[in-house]
Protein chains: 8
Amino acid sequence: MNPSQLKTLLARVAAGEVAPEQAESALLNSLRTAPFENLGFARVDHHRAWRQGFPEVILGLGKTPAQVASVAAEIVRQGSTLLVTRASADAFDAVRDVVPNATYFDDARIISLLQGDIPRGQGLILVIAAGTADRAVAEEAVRTAEAMGNDVERLYDVGVAGLHRLLAEQPLLSRARVIIVVAGMEGALPSVVAGLVSVPVIAVPTSIGYGASFGGVAALLGMLNSCASGVAVVNIDNGFGGASLASLINHL
Amino acid sequence: MNPSQLKTLLARVAAGEVAPEQAESALLNSLRTAPFENLGFARVDHHRAWRQGFPEVILGLGKTPAQVASVAAEIVRQGSTLLVTRASADAFDAVRDVVPNATYFDDARIISLLQGDIPRGQGLILVIAAGTADRAVAEEAVRTAEAMGNDVERLYDVGVAGLHRLLAEQPLLSRARVIIVVAGMEGALPSVVAGLVSVPVIAVPTSIGYGASFGGVAALLGMLNSCASGVAVVNIDNGFGGASLASLINHL
Amino acid sequence: MNPSQLKTLLARVAAGEVAPEQAESALLNSLRTAPFENLGFARVDHHRAWRQGFPEVILGLGKTPAQVASVAAEIVRQGSTLLVTRASADAFDAVRDVVPNATYFDDARIISLLQGDIPRGQGLILVIAAGTADRAVAEEAVRTAEAMGNDVERLYDVGVAGLHRLLAEQPLLSRARVIIVVAGMEGALPSVVAGLVSVPVIAVPTSIGYGASFGGVAALLGMLNSCASGVAVVNIDNGFGGASLASLINHL
Amino acid sequence: MNPSQLKTLLARVAAGEVAPEQAESALLNSLRTAPFENLGFARVDHHRAWRQGFPEVILGLGKTPAQVASVAAEIVRQGSTLLVTRASADAFDAVRDVVPNATYFDDARIISLLQGDIPRGQGLILVIAAGTADRAVAEEAVRTAEAMGNDVERLYDVGVAGLHRLLAEQPLLSRARVIIVVAGMEGALPSVVAGLVSVPVIAVPTSIGYGASFGGVAALLGMLNSCASGVAVVNIDNGFGGASLASLINHL
Amino acid sequence: MNPSQLKTLLARVAAGEVAPEQAESALLNSLRTAPFENLGFARVDHHRAWRQGFPEVILGLGKTPAQVASVAAEIVRQGSTLLVTRASADAFDAVRDVVPNATYFDDARIISLLQGDIPRGQGLILVIAAGTADRAVAEEAVRTAEAMGNDVERLYDVGVAGLHRLLAEQPLLSRARVIIVVAGMEGALPSVVAGLVSVPVIAVPTSIGYGASFGGVAALLGMLNSCASGVAVVNIDNGFGGASLASLINHL
Amino acid sequence: MNPSQLKTLLARVAAGEVAPEQAESALLNSLRTAPFENLGFARVDHHRAWRQGFPEVILGLGKTPAQVASVAAEIVRQGSTLLVTRASADAFDAVRDVVPNATYFDDARIISLLQGDIPRGQGLILVIAAGTADRAVAEEAVRTAEAMGNDVERLYDVGVAGLHRLLAEQPLLSRARVIIVVAGMEGALPSVVAGLVSVPVIAVPTSIGYGASFGGVAALLGMLNSCASGVAVVNIDNGFGGASLASLINHL
Amino acid sequence: MNPSQLKTLLARVAAGEVAPEQAESALLNSLRTAPFENLGFARVDHHRAWRQGFPEVILGLGKTPAQVASVAAEIVRQGSTLLVTRASADAFDAVRDVVPNATYFDDARIISLLQGDIPRGQGLILVIAAGTADRAVAEEAVRTAEAMGNDVERLYDVGVAGLHRLLAEQPLLSRARVIIVVAGMEGALPSVVAGLVSVPVIAVPTSIGYGASFGGVAALLGMLNSCASGVAVVNIDNGFGGASLASLINHL
Amino acid sequence: MNPSQLKTLLARVAAGEVAPEQAESALLNSLRTAPFENLGFARVDHHRAWRQGFPEVILGLGKTPAQVASVAAEIVRQGSTLLVTRASADAFDAVRDVVPNATYFDDARIISLLQGDIPRGQGLILVIAAGTADRAVAEEAVRTAEAMGNDVERLYDVGVAGLHRLLAEQPLLSRARVIIVVAGMEGALPSVVAGLVSVPVIAVPTSIGYGASFGGVAALLGMLNSCASGVAVVNIDNGFGGASLASLINHL
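Here is a short report on the structure shown in this document. (Residues numbered from 1 in each chain as written. Chains lettered and ligands numbered in written order. Predicted model: local features only at pLDDT ≥ 70, side-chain atom pairs only at ≥ 80, totals over all residues. Heavy atoms only, no water.)

The next thing to look at is the overall build of chain A. Counting its secondary structure elements, chain A contains 11 helices and nine strands. Across the 252 residues that make up chain A, the buried fraction comes to 62%. (Helix = DSSP H or I, 4+ residues; strand = E, 2+ residues; numbered from the N terminus. Buried < 20%, exposed > 50% of the residue type's maximum accessible area, 1.4 Å probe, protein only.)

The next thing to look at is the interface of chain D and chain A. Taken residue by residue, the interface counts 30 residues in chain D and 30 residues in chain A. Both sides together, the interface formed by chain D and chain A hides about 2,500 Å², and carbon and sulfur atoms give 64% of it. Between the two partners, chain D and chain A, sit zero salt bridges. Taken together, the links from chain D to chain A amount to five residue pairs in polar contact (both at pLDDT 80 or more). Among the elements of the structure, α3 (41–52), α9 (189–196), α10 (217–224), β9 (231–233) and α11 (239–250) of chain D are those that each provide at least two residues to the side of chain D that touches chain A. Here the side of chain D that touches chain A takes five residues from α11 of chain D, the largest share from any one element. (Contact = heavy atoms within 4.5 Å. Buried area = accessible area lost by both parts, 1.4 Å probe. Salt bridge = Lys/Arg side-chain N within 4 Å of Asp/Glu carboxyl O. Polar contact = N/O pair within 3.5 Å; in protein donor to acceptor, adjacent residues only side chain to side chain.)

All names here are of chain D. Side chains L82 and V84 project from strand β2 (residues 82–85) onto one buried face, and the interleaved L83 and T85 project onto a second face that is buried too. Alignment of strand β1 (residues 58–59) against β2, held across two bridges, turns out to be parallel. Bridge assignment links I58 to a residue of β2, and that residue is V84. For the handedness criterion, the β-α-β arrangement of β1, helix α4 (residues 65–77) and β2 is classed as right-handed. (Pairing = 2+ DSSP bridges. Right-handed = clockwise from strand over helix to strand, strands pointing away.)

We now examine the side chain of N250 of chain A. Residues and elements named next belong to chain A. Turning to its location among the elements, N250 is positioned in helix α11 (residues 239–250). On the basis of relative accessible area, N250 is assigned to the buried category, the value being 0%. At 2.9 Å, the side chain of N250 and the backbone nitrogen of G123 are in polar contact. Apart from the residues within four sequence positions on either side, N250 is in contact with G121, Q122, G123, L124, I125, N150, R177 and V178.

Take the packing of helix α4 (residues 65–77) of chain B against helix α5 (residues 89–98) of chain B next. All names here are of chain B. Interhelical geometry of α4 versus α5 gives an angle of 40 degrees and a closest axis separation of 8 Å. Taken together, the axes of α4 and α5 are oblique relative to one another. The element α4 and its partner α5 pack so that their crossing is right-handed. In contact with P65, A66, V68, A69, A72 and A73 of α4, α5 contributes D90, A91, A94, V95 and V98. Split into classes, the residues belonging to the contact of α4 with α5 amount to 10 nonpolar, no polar and one charged. (Axes fitted to C-alpha atoms, helices over the stretch in contact; angles between N-to-C directions. Parallel < 35°, antiparallel > 145°, perpendicular 65-115°, else oblique. Left-handed = near helix turned anticlockwise from the far one by under 90°. Nonpolar A, V, L, I, M, F, W, Y, C, P; charged D, E, K, R; others polar.)

Another point: the relation of the copies chain D and chain A. For these two chains of identical sequence, chain D goes onto chain A by a turn of 179 degrees and a shift of 0.3 Å along the axis, with RMSD 0.7 Å. Taken together, the turn and the small shift mark the pair as related by a two-fold rotation axis. (Least-squares fit on C-alpha atoms with pLDDT ≥ 70 in both.)

Moving on: the pattern of salt bridges. All names here are of chain A. In this structure the tally under the stated criterion is 94 salt bridges over all chains. For the salt bridge of R143 with E146, the shortest nitrogen-to-oxygen distance reads 3.1 Å. Here R143 and its partner E146 are both found in helix α6 (residues 135–147), three residues apart, which amounts to about one turn of the helix. By relative accessible area, R143 is classed as buried at 19%. In this structure E146 comes out as partly exposed when scored by relative accessible area, which is 26%.

Okay, structure coming up:
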């Protein structure tokens, strides 16, 4: 039973065309077996997307260019902001055919088209990357956070082996409302950053490294075991995930 | 809005006391925020337990004897069958104070009291154990399956290093409708059993072994990689889980 | 000693041509050293395949197209249903040369040709997939279950992060006799499904995910540790294995 | 060179008692070797603690009762709020001797004494626990968040195998500004919760479980691989860490 | 159908009392369902134990002293050599009550009583231990090999960090027919020994070590990856397993 | 100081041309710093190779075709048997240029040329493979054992899920002096084989499998935890290593 | 505030143009927010590089040829020694365009150009490699150590399975001031070497091996668990890291 | 043949009492079978201990108090410095009975008695510990380094979450010739320290931490993946190993 069916039913009860007992039985039956779709739950979901400040995001991983383009076209047609992560150049070629004004950030592997009324976050999201090799993941975080309506600044190549590079940027650190720290290898940078600031630090381990970095496990464990408080961790290489959480916080 | 409130509302719509638009708004609001408790979802849950043929089970692990006894008393008072797994002797002492006719199977670490109208399973559940050291887990499976209304037989100490012991019991194997195979060490027994029968085999790895058995990991991996089809695996030492699934299948 | 040799031997004993002691000795000797092949054990095996409802299945993995085609031709010539899993397009080209009416389901990587008298399963097997990326494994399960004589329905893209999608399909869930749940990433869907139904749930972890999903280990562990009862697990990406067990159960 | 020494030096330069070249050399030398302590960096640190809203916290793990009591007395004497985590009953006995009005929350293993002027967080922190066995970690989070000046509510025993328990509490979920989800076993609850709300979700895996839960690894991996966005993870059993981050966010 | 039943059946066929077709049917039926027990397969097993040169061995792990004593008494009553591994002092107390002349080697955790006619191995089994801490496992190997009829010599405390200790014993190495090398920590000794001799080397990793030895995993991996040929490995701490294989080889 | 230099020195001492003190000093000096090369230790090594029955073996892995060919030519020129493992087709092309009569077993990835006087092993080495996919590793074992002078037979495709295939070959099993068992997936076959025979069983795990086989780890752990005695394990896919040890045993 | 600004400020204080209070405030402000860059900390860093004896090193991994060439040109223009590790042939082509006299060591994957005044190390660095397959990592160590101003010698193919090869080179061992030992497979060589010398041994595990070497984990664990003292370990395949530390020690 | 036997032999050759051929044969024979013990290799070993600056060290782990005392008495009787690591209080009680003036450092679990002529190291060894919980391991390093003749200073509780504590001690850092960094949790401190100094840094991971620290694995991986050069790692909790290497370096 969808909302318009409900409206009709209640009108008919009011008109005496349907007995209340019948209406009760129909309603309960509908709710018991399928409470959501009949009530237009998808609409409620749309409302939720609006509150969160970002529309549905397409994960490019494991989709063909044609599949990505098809979903992208649908989203853009609804007037929503388009965001595709882990997008290949081929996927962008396919998307551009149907969404000509989409942009491709190849270092971030992200396709986006900003439109609609994205609410602005309240402060600055700072994205810190330990090394140049962590750049791709950091850029995924930057572009995601921007698409979600946040002011973003970058601070790259400030690994813990040369602390002065980070310490010299304390004024920038102190301006941020949320900080995303992207690091591979030993993953020590979030601990150091969290010791210097009093805002939430979201740590994103990367699979950068070799030998016993085990595809990011060393960085992940380092971040989970951070001796600093105020740090939480997302999945390896998950720049999108870090930025999503940062944006949620920044919109509080 | 609970069912009786719904009944009243609809009656008032029929009586013209409430406009259909008002009723529509009240209903949608109620459903959007708390669709379940107001519709007596818990009752549905009771119905579900009745259909499955077994009531709520208490996991004794990490509960004090007093806590176990308190929940046990509640269940028994409702007239349901009592089943406590991973129950210590101390827990049984506490339960016996409030449920005097409960039984303790110490080798299975299970407390039970059969009452109510448990539907009977259709066939035989056979519980096979590879070695004498797997006995505790196997007994947990046996007592669980019995409490859930199944006929159960045991076939213990038939490990793959002495195949003739298993092969000699083919008549018993062929009488089973579902087979639970409990094994530690290399966990090879389920593969061998599944090659001899044409009924579902539920494999329960145990933490029995030493050295590179790694607390049951070797057995678990062996079972997951079974070269025989018709085998599925539950958690290490989870005799209860194996029996629960076997009972579900046996009640189909 | 094969059955026709046995027939002859017994006739000669009856005819007095062979002394019973000689026959006894010959029989015992044959049984002790090679009890199976001389008695036509392969035939017994055929009988077993007939009871289980599915003939021998070819695992395409690690076989050349020519090898797959050769075994396929043999199976089809015996009048049995053909099922090849993990089959490449090249393998299908080779099979089609010798089995022209075989079908290739490329998303499932399965070649099949239904023939012979496959017994029908008793109820519905429902194959649920958490995300679009789990589709290939889910399709392997679907096509396998169909080839084994079962009615199958699909329910895809109902991951736990958007529960309403699953909850809206409760009528479909309640119609199933066995449910196969295919999921990658955190592998939480089987727990949720098992909490909503009272039939066996077979969980198939997939290697879908990135970062700390470790090729399906995260999903596998999630499923093994399910807090719901009535769930068992097969190997990562093993859609065939899940369907084989589901079919066994559905034929009980 | 501390600030007052700097003041004197500059005065002497102004007075012509020290040549500018001498002053330059002395300053550079001081900065090069020890830029921080001479500038009163510790003071800056005190300022930082004041901004964050919580004073130094004592980790009881690996300290003797006497050591805990000694540090606790020092903190209380400075007028700061006392918070000791992982505190044994023995540690509390020792603390009570020197801080008679301290409180011990034994289920949370926390000693605390609220004093001074803790700034209040802006909204509600909701602490959700999947099972009764996760209670200790959840309570550590609750007591930590309370000590840090936050309003906290509990929602316990709402694991994913019985979704209706969680769904029935959506009004409570929607009132929270930050949610901490504590879960062991398969760790699926954060994914489900994050799909229902639009606020940050901090996931705390617990070591609760048996068999292949591997001391919380299964839950940790499940949470890291969450298919829902807006989730970040802290260390296994780290209720304190989850609450620290939640409090930081709630004070933004 | 057991052998005497077979004899009777054939006699009746010869006597014309049973038609050959009936006999054929009865025989095939018997063989199909239970080919082994009716043919006295257990007897064959006894014969096999006799050929291998060692009787059934009791694994003390996970058995109560009473259980160990009960099985031990049975074995001794049959006139067989008694061997109990992983035997506690309590188990020995219980065994001594029923087998007064049994011996307990406490450093090897082995109870034994040599009797019957154990065939002698052909050469010398040399048991080498890297460090003093590997002694318990080495002694388990020594006492097992002795009980199985082998001449055994020990060479202890010859770890690779002081090669001259091992090199000085080359005459002893060259006298061995099979060598068991017991080592923990990095497990390098088997590689070095195998490079000095031309006889089989059986490597037994021990759980001795700390830090990243991970309970013997480091030694196990070291031995599996030996750059020397002629080395095979048994389970961690499995001195019994190493000696069993060595004895088999030495009896060839 | 090499042996001929020693001969000269002693002659000169006898002739009075060198004082004994001088000779003593020269000898001690030589021995202390380089006891081996000066004494022609390489020759002793040659003697050892002769005793072991097999010459130096070339591991093709990580060598260019030219490097393999260069070492191969050197070995053949010395009149020794040539054995190259893990040899690519390209490596064989290069070897054939310099060793025209070498043979390439492509399924075993082995190049060999038998020459010289290889001592014959005393009995039969039986190489058993669980599945067709284990064939490459099994063939590496077969060709290695043959090159080392052993009679070898094959028994392939006798996995534990169809026990009758193995049981039917007991006469062959009982003829072997050493058995090599090659298996992937759950690695259960060595346990079953060892329970049927009384000769050494060398288990070779293979990386065959998918999902949670983890590149052979499941099979490796299964074999290490074998519940049968008389089994030892070599590295994953190490058919050469298994055959080297089997040959050593067979030459005892 | 950089040093020349400081000089000016102090001169103006001396000249009475700036009040000491103003100067104090300006200085403290500068130090508090950015103590490093304003004081020319980069220069101090340059001074540090000069003391350590090696300039900035470029890690080629994950950089495009153009990026490598760009940084290389900059370093060479400053007159510093150029060292690029993990450099592909393509990267060298790009570098040669801008640094024509650079050298490429392809087996070491290193580009270098020695210039400037690198201080010489005091003794000999000996690089030992266990097998020919470890050569690439060993050469990375050799070329790095040479570029850092050290005398280096090689000792390759001296694995522990043929000890005499190593023992014959004791004079060379005794001449080294620091030893780098590169080994894959079981990683036992550092233990043996450290037992023969009294200088620091730096162990470099390599990913060479197959089966259960797990990409160098077996070698890494072997080295960490070395029973010899005086051994420390760097990351898998990290020849550069081993040489950097060796050079630091050799310059003490 | 020991050196004095060699002297006699050569004298007899010179005297014509032994033919040079006979002497040659005797010498070669002796060298081939046991080149080391006859040449007093143990003596050479003593010489080596003298050169390294530290005598034999007793690892208390896995030894009874009586065993420790027995070896300790022997070492002290030879006039050597006594060093027992991982020594329990009980072990000290036993040692004190036979070595009354031995000292027990209970926080380091070390028994020592300095005597003989230990050569002094050339510079300062600085032992840094990240947290108070790392103290036991750090003290093991301190007491070991002191016993080996080094000047040692401590710098404790300077974890990376509060960088100013470390930065304030740069003068101390710059005075050290070798630095040992002891850290648990994320193990980031060695990277930070190595970025501040130009001397060798030896990293000692500790098993301190909880949750996903996995007994020191997180710290170990963090240290192995250090982005700073000049860092090498020893086993988890191996303070003795770190100090042994540091002392070797400091004595160069």
